[in-house]
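An overview of the molecular structure
Given next are the chains, with one letter for each unit.
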Amino acid sequence: MLEGLEQRWSEQWAADGTYAFDRTRPRAEVYSIDTPPPTVSGSLHVGHVFSYTHTDLIARYQRMRGKTVFYPMGWDDNGLPTERRVQNYYGVRCDPSLAYDPDFTPPEKPDPKKQVPISRPNFVELCERLVLEDEKVFEDLWRTLGLSVDWAQHYTTIGEKAQTASQRAFLRNFARGEAYLQEAPTLWDVTFQTAVAQAELEARDYPGAYHRIGFGRPGTDEGPVFVETTRPELVASVVALIAHPDDERYADLFGTTVTSPVYGVEVPVLAHPAAEMDKGAGIAMCCTFGDLTDVTWWRELDLPVRTVIGRDGRFTRETPAWLASEKASAAYGRVAGKTVFSAREETVTMLRETSEMEGDPKPTQRMANFYEKGDKPLEVVATRQWYLRNGGRDRGLRAELVGRGEEITWVPPYMKSRYDNWVGGLNGDWLISRQRFFGIPFPVWYPLDDEGQPDYAHPLMPTEAELPVDPSTDAPRGFDEAQRGKPGGFLGDPDVMDTWATSSLTPQIAGGWETDPDLFERVFPMDLCTQAHDIIRTWLFSRVVRAHHEQGVSPWSHALVSGFVVDPDRKKMSKSKGNVVVPTDILEKFGADAVRWRAATARPGLDSPFDESQMKVGRRLAMKVLNASKFVLGRVDGATTDPFAVVDPVDCALLGRLETVIRRATDAFDAYDYTTALEVTERFFWEFCDDYVELVKERSYGDDADSVTAAGTDSARATLALALDAVLRLLAPFLPYVTEEVWSWWREGSIHQHAWPKGTDLGSAAAAAPGVLEASAAALAGMRGAKSQAKASMRAELASATVRGPENLVRGAEAAARDLRASGRVTGDLTFDVDDSLTEIVVEAHLADPA
RNA sequence: GGGCGUAUAGCUCAGCGGUAGAGCACCUCGCUUACAACGAGGUGGUCGGGGGUUCGAUCCCCUCUGCGCCCA
């Protein structure tokens, strides 16, 4: 019965434009949402499905509250993940030195080990081709899940809208001095051969070994100074030994020089508080660069740069100038061109040959920085990169950005401290350039001087009207293509923007910033951004940075942060662990409504373990909605939802209860607490089915003219209809399919375009206290209990029943005496005795003898 | 080491000053004219440990411990 609803209704919604944004409405009537553009080259797991469902619950609620909802979906298709997927999928790799081949076709049988080198334009073409396929799959999934996205507002992070917005924002950042080009030590991934930003780092334990190596003290009788290092190969690039200023062991050495083992290079011994006295020998070898501490020392102690590791992660082939001596150059010849790993082995061999290493290496675990997508530790390489100011080097800006965070309502509130911690812990500006191919290029060229050397200090920029540009194929104003790379000509910036540098502008891209001012004014700043907690430091923060620089505001008023779906052992789902739950499987098995129901039970911010048995509960609810509706609609001919017909005390009590439920669900949704909204609605719905419907069933049939008045029948039918009408709307954000199906049986139009219920829909009857319902439900439960204990059928008749309890409850139940007699099948006496020694209803019942 | 969260029934979670709640699971019963992919009834907990505040603490405060995440 539930099967096929997804396809049928999602097609209907698409055809009717049910979720179309109305751009004629004023800002006050708009609710705008910034939702993460999923990485289409990646695979979705059930956690994404939950998080996007959370957004949709809010979107649907706001729409029913009368807002027109701006709910665009974007695809994050640029960047490294797509490049990697294209390499594997087509068996190619990008070689920017090659020329474009218009006739290129990818290999028929891709061999990942023998990737065919192709030009950058060819590579980008393949990327564009593949993301189209991926995006189709994603869109289908979102439609099946029932996301009420307005697909007309769609964007991609590589598309022209995104290119123009990213380049325009960059030009303005540059003009205001917020973006700048700098040659500086940069964390570098040797596998992907690109620079990596602080936000993409991941500290991991990495096995290493302490090598105890000695530095000579020429001109003294003293023995060598020993350092313990996990990276002996870097002895080739040592620039100083550094100990803590308070370390008495080395006090005498400060200001003297020592000579490096193997190479015999003379370096100073210096003091700096960043040296850790209790780590290793307490004195460290500073190399440019082994890690970020080296960068600090290099900067603060004004040390020279001695780079031996190239961008490919290998030792440079030419012998560096400071290793010019015969001894040093001979030693360097043995490591030149080697990978870090091989160079380390060779260096250890040399250290043993010269007896400058003491003992054997001692295994240790150290924390090393990794690119989150990489599996080799990052190196530090001096390169020229674009940076965007994000407060990492500016206390004032940092304070302003923390202030922007305070303008946002965080759901749950404690997620703000993640943001504050991250902003407070920044230690450098945002590195936005990447040495990759499938991304948005920097709209920048550099003039070449008479010798063909680029002048980085005076970059050439396009006007905003010329955007988007690709400096690798477009020539700057005043030049022509023939001057590319020639002395007196120009050079295009070869880098692309980091994917976050594009997706940090999603509110601007989707909202039509500078291209559609009328739209932008209606949707920006947005009302809501949603994401899981892992991207607070990246996506959330970077959007605040961009909006702060460009518009001087926080990009949204609310941030809703979802937790993760973790596996049953509470471990994070990841491909490598093989514990990923594929969303298409569960959607097929349980249906979209069931999966959405389960997602809605995961509160904002809290991780939730995946458990299939929970999906069944959602499915059962959807099924119950269908069945209960079938019953109610079989009782009410036409639309008899007239509150004035409701006169019976039990019916009034039900509406009174419903009024409270509507109020609580509305308050909860207003506070972004969709879980509580669902909880109170669902509880009401089950009570409605189990107690109320059972109580009034006989009365609603209206075929027992002797015992039931026509008014009572009308009252029950009107109440059934009123309650169903309201409860369907309360459930609509959670179960869009089944509620729409039922709605279509007796109402016009889509339930998703109808108003959220209000207490006033229920008329004055809803002012009744729900006590009668509670008391009669308890009495009914008592009768059922008696039958259950007697192991009798629920249809079994009771010869007599006595309802006892405190006065208010007994009187309440007595008001429903007729319904109780009918639903409990009491054939003989039904009496109500007040007994104030009791605190609740107790039923004493005698079964009729079986005939 | 710092920050944040969390600890309640076998499991997933509500409750957050006034005699412990739901769903799942489990047990028993029942095919009843909305529903057997169902319904009815029931079993099950010194609310992580220790202090304190209070007439009263699962709830507030302190502390310890476990777990998770983020940052060093």
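The text that follows walks through the structure, step by step, so that each part is easy to find. (Residues numbered from 1 in each chain as written. Chains lettered and ligands numbered in written order. Predicted model: local features only at pLDDT ≥ 70, side-chain atom pairs only at ≥ 80, totals over all residues. Heavy atoms only, no water.)

Surrounding RNA strand B, one finds 39 residues, the nearest of these being Asn421, Arg537, Arg570, Pro609 and Arg795. Here a sugar or linking oxygen of RNA strand B sits 3.2 Å away from a polar atom, N or O, in the side chain of arginine 418. For RNA strand B, a phosphate oxygen lies 3.1 Å from a polar atom in the side chain of tyrosine 701. Looking at the surface near RNA strand B, the elements that each hand over two or more residues are helix H10 (415-424), strand E26 (608-609), helix H17 (612-635), helix H19 (674-701) and helix H22 (771-789). Here the surface near RNA strand B gets 10 residues from one element, more than from any other, and that element is H17. Tallied by class, residues from the surface near RNA strand B come to 12 nonpolar, 10 polar and 17 charged. (Near = heavy atom within 4 Å. Polar contact = N/O pair within 3.5 Å; in protein donor to acceptor, adjacent residues only side chain to side chain. Helix = DSSP H or I, 4+ residues; strand = E, 2+ residues; numbered from the N terminus. Nonpolar A, V, L, I, M, F, W, Y, C, P; charged D, E, K, R; others polar.)

Summed over the entire model, instances satisfying the criterion amount to 29 aromatic pairs. Ring geometry for phenylalanine 520 against phenylalanine 524: centres 4.6 Å apart, planes inclined by 15°, an arrangement best described as stacked. The exposure class assigned to phenylalanine 524 is buried, which follows from its relative accessible area of 9%. Grouped by ring-pair contacts, the aromatic residues Tyr61, Phe669, Phe734 and Trp756 constitute a single cluster. The side chain of lysine 697 reaches across the aromatic face of phenylalanine 631, ending 5.7 Å from its centre. (Phe/Tyr/Trp six-rings, centres within 6.5 Å; stacked < 30°, edge-to-face > 60°. Buried < 20%, exposed > 50% of the residue type's maximum accessible area, 1.4 Å probe, protein only. Lys NZ or Arg CZ within 6 Å of the ring centre and 35° of its normal.)

On to helix H4 (residues 120-145). A rise of 1.5 Å per residue sets the reference length of H4, with its 26 residues, at 38 Å; its end C-alpha atoms lie 37 Å apart and thus fit the reference within 8%. The first or second residue beyond H4 is glycine 146, which carries a positive phi of 90°. (Expected span 1.5 Å × (residues − 1).)

Overall, the coordinates contain 59 salt bridges when judged by the stated rule. As a salt-bridge pair, aspartate 670 and arginine 65 come within 3.5 Å of each other at their nearest N and O atoms. Of the two residues, aspartate 670 sits in helix H18 (residues 649-670) while arginine 65 sits in the loop between helix H2 (46-64) and strand E2 (68-70), which places them 605 residues apart along the sequence. The class of arginine 65 is partly exposed, set by a relative accessible area of 41%. The salt bridge partner of arginine 212 is glutamate 358, with a shortest N-O separation of 2.8 Å. Note that arginine 212 is positioned in strand E9 (residues 201-215) and glutamate 358 in strand E15 (residues 357-371), a separation of 146 residues in sequence. Under the relative-accessibility criterion, glutamate 358 is labelled partly exposed at 41%. (Salt bridge = Lys/Arg side-chain N within 4 Å of Asp/Glu carboxyl O.)

Treat this as a map of the structure, not an account of what it does.
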